[in-house]
Amino acid sequence: MNKKGWLYSVYSLYRDGFRQMTLGRTLWTIILIKLFIIFAILKVFFFPDYISTHADEGQESDFVATEILKR
């Protein structure tokens, strides 16, 4: 079997599976909303960019190296 046939069969499997879902669509929607909240909203408020605030411009790699060696 060539790659194109294999890729198409995998695509077809997922396409048909998602078409026949009823409860699964709701669950996938909830999962996607949770991932958006975790990565977009929580990152902005709880995980500031520590390196850019403490390192000089262009010296980020040196800052990380010294911080790793200190600990």
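Up top is the structure.
Here the structure is a predicted model, which means the values were calculated and not measured. (Residues numbered from 1 in each chain as written. Predicted model: local features only at pLDDT ≥ 70, side-chain atom pairs only at ≥ 80, totals over all residues. Heavy atoms only, no water.)

**Student:** Could you give an account of the pattern of salt bridges, with specific residues and numbers?
**Tutor:** Applying the stated criterion across every chain, the model contains 2 salt bridges. Arg-15 is the salt-bridge partner of Asp-16, the closest N and O atoms lying 3.6 Å from each other. In this structure Asp-16 comes out as partly exposed when scored by relative accessible area, which is 32%. Look at Arg-15 and you get partly exposed, because its relative accessible area is 25%. With a shortest N-O distance of 3.8 Å, Glu-67 and Lys-70 are connected by a salt bridge. Note that Glu-67 and Lys-70 are positioned in helix H4 (residues 60-70) at a spacing of 3 residues, about one turn of the helix. (Salt bridge = Lys/Arg side-chain N within 4 Å of Asp/Glu carboxyl O. Buried < 20%, exposed > 50% of the residue type's maximum accessible area, 1.4 Å probe, protein only. Helix = DSSP H or I, 4+ residues; strand = E, 2+ residues; numbered from the N terminus.)

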